[in-house]
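Secondary and tertiary structure notes
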Amino acid sequence: MRLFRIFLLHFQSIAQHRTRSLVWFLLSLFNPFMLLLFWTASAKDNQLGIDLTVISTYYLLLVLGGSTLMAHQEEDVAVMDIQKGALVKYLLRPIPYYFMRFSEEMHYRILQGGYGIVAIIILSNIFQISLKFVSDPLFLVLALVSCVLAYLLSFTYKMLLGILAFWLIETRAIFEFAEVVTLILCGFLVPLDLLPSWLKLVAQLTPFPYMIYYPLSALIGQFSLYGLASILAIQACWLGVFFLTYKLVFGAGIKRFTAVGQ
Amino acid sequence: MFHHLKVYIMLLKLNFSRLLAYRSNFFYSLLVSLLWGGFSVITILTLTHRVKSFFGWTQYELIALTLGYNFFIGIFHGLFSRNFDEFSYHVDYGLLDSLLLKPLDAQFLISLQYIGYANFIRSGIAGVATYVFLTNYLNLTLTFGQILFFLTIIFVALIMIYSLWLAVSTLMIWSPRLSNLVDMMYSVSSLGRFPKELVLETPYTFFLVFFPLTLIISVPMKVLLHRPLGWDLALLIFFTTGLFLFSRWFWRFALKSYTSASG
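Residues numbered from 1 in each chain as written. Chains lettered and ligands numbered in written order. Predicted model: local features only at pLDDT ≥ 70, side-chain atom pairs only at ≥ 80, totals over all residues. Heavy atoms only, no water.

**Overview of the overall build of chain B**
Short version of the rule: To qualify as a helix, a DSSP run of H or I must reach at least 4 residues; to qualify as a strand, a run of E must reach at least 2; elements of each kind are numbered from the N terminus. Atoms considered for the radius of gyration are the C-alpha atoms alone. The globule rule reads 2.2 Å times the number of residues to the power 0.38. To sort residues, take the accessible area from a 1.4 Å probe on protein chains only and compare it with the maximum for the residue type: under 20% means buried, over 50% means exposed, and anything in between is partly exposed. Here the accessible surface of atoms and residues is derived via Shrake-Rupley with a 1.4 Å probe, and residues count as covered only by protein chains that are part of the display.
Within chain B, the regular secondary structure consists of 11 helices and two strands. Counting from the amino terminus, helix and strand elements in chain B follow one another as α-α-β-β-α-α-α-α-α-α-α-α-α. In summary, chain B has a C-alpha radius of gyration of 19 Å against a globular reference of 18 Å for 263 residues, a match within 12%. Projected onto its principal axes, the C-alpha positions of chain B cover 55 × 45 × 35 Å. Counting across all 263 residues of chain B, residues that qualify as buried make up 54%. Summed over its atoms, the accessible surface of chain B is roughly 12000 Å², and 70% of this surface lies on carbon and sulfur atoms.

**Things to note about the interface of chain A and chain B**
One frequent convention defines the size of an interface as the accessible area lost when the parts assemble. Here is the rule: Any two residues having at least one pair of non-hydrogen atoms within 4.5 Å are treated as being in contact. In this description, buried area is defined as the sum, over both parts, of the accessible area (probe of 1.4 Å) that is lost when the two are combined. A side-chain nitrogen of Lys or Arg and a carboxyl oxygen of Asp or Glu constitute a salt bridge if their distance falls within 4 Å. N or O atoms closer than or at 3.5 Å make up a polar contact, with two conditions inside protein: a donor-capable atom paired with an acceptor-capable one, and, for residues adjacent in sequence, both atoms drawn from side chains.
Counting residues at the interface gives 42 residues for chain A, matched by 43 residues for chain B. Across the chain A to chain B interface the summed buried area is about 3900 Å²; carbon plus sulfur atoms make up 75%. Together, A:F30, A:L37 and A:F38 form the three largest contributors to the area buried by chain A at its contact with chain B, with a combined 17%. Summed over the shared surface of chain A and chain B, the number is zero salt bridges. Here chain A and chain B share six residue pairs in polar contact (both at pLDDT 80 or more) between them. Contributing elements (two or more residues each) for the side of chain A that touches chain B: helix 2 (18-45) and helix 8 (172-185) of chain A.

**Quick word on the pattern of salt bridges**
Applying the stated criterion to the full structure yields 10 salt bridges over all chains. Between A:K158 and A:E74 there is a salt bridge; the shortest N-O distance is 3.7 Å. Residue A:K158 is found in helix 7 (residues 137-162), and its partner A:E74 is found in helix 4 (residues 74-83); the two are separated by 84 residues along the sequence. Summarising the burial analysis for this pair, A:K158 and A:E74 share the class buried. A salt bridge links B:E61 to B:R227; the nearest nitrogen and oxygen atoms lie 2.9 Å apart. Taken together, the residues span a long stretch of sequence, with B:E61 in helix 3 (residues 59-92) and B:R227 in the loop between helix 10 (218-224) and helix 11 (232-255) at a distance of 166 residues.

**Thoughts on the UniProt feature "transmembrane region" (unreviewed entry) in chain A**
All names here are of chain A. So the rule is basically this: UniProt positions are given in the numbering used here, feature names are shortened, and annotations may be inferred rather than shown by experiment.
Per the UniProt record, the feature "transmembrane region" (unreviewed entry) sits at residues 21-40, 52-71, 110-131, 137-168, 180-199 and 219-246. Between the C-alpha atoms that bound residues 52-71 there is a distance of 29 Å. The span itself is 85% helix and 0% strand. Structurally, residues 180-199 is divided into 45% helix and 0% strand, and its ends, taken at the C-alpha atoms, are 14 Å apart.

**With respect to the UniProt feature "transmembrane region" (unreviewed entry) in chain B**
Mapped onto the present numbering, the UniProt feature "transmembrane region" (unreviewed entry) falls at residues 26-48, 60-80, 114-135, 147-174, 204-221 and 233-251 of chain B. Taken end to end, residues 60-80 of chain B is 100% helix and 0% strand, and its first and last C-alpha atoms sit 30 Å apart.

**Describing the packing of aromatic side chains**
Rules: Centre distance within 6.5 Å is the pairing criterion for rings of Phe, Tyr and Trp, where only the six-membered ring of Trp is used; planes under 30 degrees apart are then read as stacked, over 60 as edge-to-face, and the remainder as tilted. The criterion is that NZ of a Lys, or CZ of an Arg, lies within 6 Å of the ring centre and within 35 degrees of the ring normal, and then a charge sits over that ring.
Counted under the stated rule, the structure contains 53 aromatic pairs over all chains. Centroid distance A:Y98 to A:F155: 5.2 Å. Interplanar angle 80 degrees. Geometry classified as edge-to-face. Residue A:Y98 is located in helix 6 (residues 97-126), and its partner A:F155 is located in helix 7; the two are separated by 57 residues in the primary sequence. For A:Y98, a relative accessible area of 8% corresponds to the buried category. The class of A:F155 is buried, set by a relative accessible area of 0%. Centre to centre, the rings of A:F102 and A:F155 are 5.1 Å apart; their planes meet at 90 degrees, and the pair counts as edge-to-face. Residue A:F102 is located in helix 6, and its partner A:F155 is located in helix 7; the two are separated by 53 residues in the primary sequence. Both residues of the pair, A:F102 and A:F155, count as buried. One residue, A:R93, lies across the ring of A:Y90, its end atom 5.6 Å from the ring centre. If you follow B:R82 out to its NZ or CZ, it ends over the ring of B:Y114, 4.5 Å from the centre.

**Focus: the environment of A:T68**
All names here are of chain A. Relative to the elements of secondary structure, T68 occurs in helix 3 (residues 52-68). Between the C-alpha atom of T68 and that of G116, which follows or precedes it by 48 residues, the distance is 8.2 Å. Residues contacting T68, with those up to four places away along its chain left out, are R109, G113 and Y151. At 2.6 Å, the side chain of T68 forms a polar contact with the backbone oxygen of L64.

**Re the packing of helix 2 (residues 23-50) of chain B against helix 6 (residues 117-137) of chain B**
Residue and element names in this part refer to chain B. Selection rule: Axes, fitted as lines to C-alpha atoms, cover a helix only where it is in contact. Angles between the N-to-C directions of the axes lie from 0 to 180 degrees. Handedness of each helix crossing follows the sense of rotation of the near helix against the far helix: counterclockwise by less than a right angle gives left-handed, clockwise gives right-handed. By the convention adopted, Pro, Cys, Tyr, Trp, Phe, Met, Ile, Leu, Val and Ala count as nonpolar, Lys, Arg, Asp and Glu as charged, and the other residues, Gly among them, as polar.
Across the interface, helix 2 lies against helix 6 with an axial gap of 8 Å and an inter-helix angle of 35 degrees. Crossing handedness for the pair helix 2 and helix 6: right-handed. Together, F26, S29, L30, S33, L34, W36 and G37 of helix 2 and Y117, A118, N119, I121, R122 and I125 of helix 6 make up the contact between the two elements. Across the contact of helix 2 with helix 6, the residue classes break down as eight nonpolar, four polar and one charged.

**Considerations on helix 2 of chain B**
The line we're drawing: Helix span, expected: 1.5 Å multiplied by one less than the number of residues in the helix.
Compared with an ideal rise of 1.5 Å per residue, which puts 28 residues at 40 Å, helix 2 of chain B spans 42 Å between its outermost C-alpha atoms and is within 8% of the ideal. By the burial criterion, the buried members of helix 2 of chain B are B:L30, B:V32, B:S33, B:G37, B:F39, B:S40, B:T43, B:I44, B:T46, B:L47 and B:T48.

**Observations concerning the environment of B:H4**
All names here are of chain B. Checked against the element boundaries, H4 lands in helix 1 (residues 2-21). When its relative accessible area of 25% is taken as the criterion, H4 is described as partly exposed. The spacing of H4 and F108 is 104 residues in sequence and 8.3 Å in space, taken between C-alpha atoms. Excluding residues that lie within four positions of it along the chain, H4 makes contacts with L104, D105 and F108.

**A closer look at the state of the cysteines**
All names here are of chain A. Keep this limit in mind: Here, the term disulfide refers to a pair of cysteine sulfur atoms separated by no more than 2.5 Å.
The tally for this structure, following the rule as stated, stands at zero disulfides over all chains. Take C147: it sits in no disulfide, and the sulfur closest to it among the cysteines is that of C186, at 13 Å. For C186, a relative accessible area of 0% translates into the label buried.

**Here we look at the environment of B:D92**
Residue placement: B:D92 occurs in helix 3. Judged by its relative accessible area of 29%, B:D92 is partly exposed.

Here's what the structure looks like:
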């Protein structure tokens, strides 16, 4: 009950900034649509050999996936919590920092996810975009599990990035670099299948496509049962690696934390 | 006008002093700027990996367009972006008061006081890369007159994108917490990397509102690529004039609602 009340309190706070959150959502809406424009226009002029319905569904789902599956708390962790000392208030509470941050971030994702669903319904109707989704209930459940794991993965990854501020004063360049890597390897730019083969191979060896590309493709119904099971297993492995690394890095970093004046 | 020029030269000097005082900040800004420049090149290389031509624009011409865009956007970010980044801070904390009380145009001060020198380096690198790419890969000969004409059109395009950013940033006078509108403009401006067919040839007619943005670099690059300009230059001038006049009016109109920090 206490956790639920904390959850509701956070949601009240997020709801106060709903217009700002809407602008962030519009920002995440713009890039997928720009790329969708490129592919639909290109398809008129070229023989691309790609299924436009799949591409359109992918980019529309990217609007939703980009706003719900990708966490963005790293700057707050680095600047507000570690550099300006707000971490103190979390350390004094009986709930681990990771979970408090998880709860706070989740509200933004829920709100933006709401915007995303509304946007997908409106845009697919206005622009007459035909969508392709997985129809088998088992596949749908597995795809949704993959989405949950993807969010946990991206959240833990961003926590890891944020706590680098225990050692670094200037984190902006690292965050921007991470953003660029994320945009390319997660599948924000193009679905992995449309990447050059060498880049696709590189991407598959990293955890990034498991945050966006694979869960979204699973929702479209691109994988067999065996393929889906493999994706879930790899996501779980990466999550385990990230979480253990986070525990180790946070444990080492907290010894360096000096509250205000870090 | 001459007085404003003298003030701007002083601002250039002050910003350079700030650069020397915060050298590591300059270094990081340079790194970030080059990173995003690199990203835009990776983007077009990835997209043109499949699409070898786009409504008459060849793969190499699309790459040249991206390089030209980096040259353009480097200048824009160097001259203006930092000011729009600070816009919300000025309004939210009532710092706009001090600008309004100065014997200079407040729009001039709020949109030109900070200069991001690091971006000029991105622009310089992209400029050289564009020249090398055009002459070596596309085997084009560029005359001094063409380059001068290109720079003149770039100047017009800069006024257009400045006006657009100003009009959007002005909304923060009513809602200063919406500082992420500027973040959105960074994304929206990146539409300029593509030719106008991107919005004209899709079934999604709503996106025609972004048509002016697709002119900002495709029109000047057409000069260097020896392509006919058609009506594009006239359209660019038309949209630039319209947006400039609108943004100026909108700024003055918004100032009537400015209530300082207590608002």
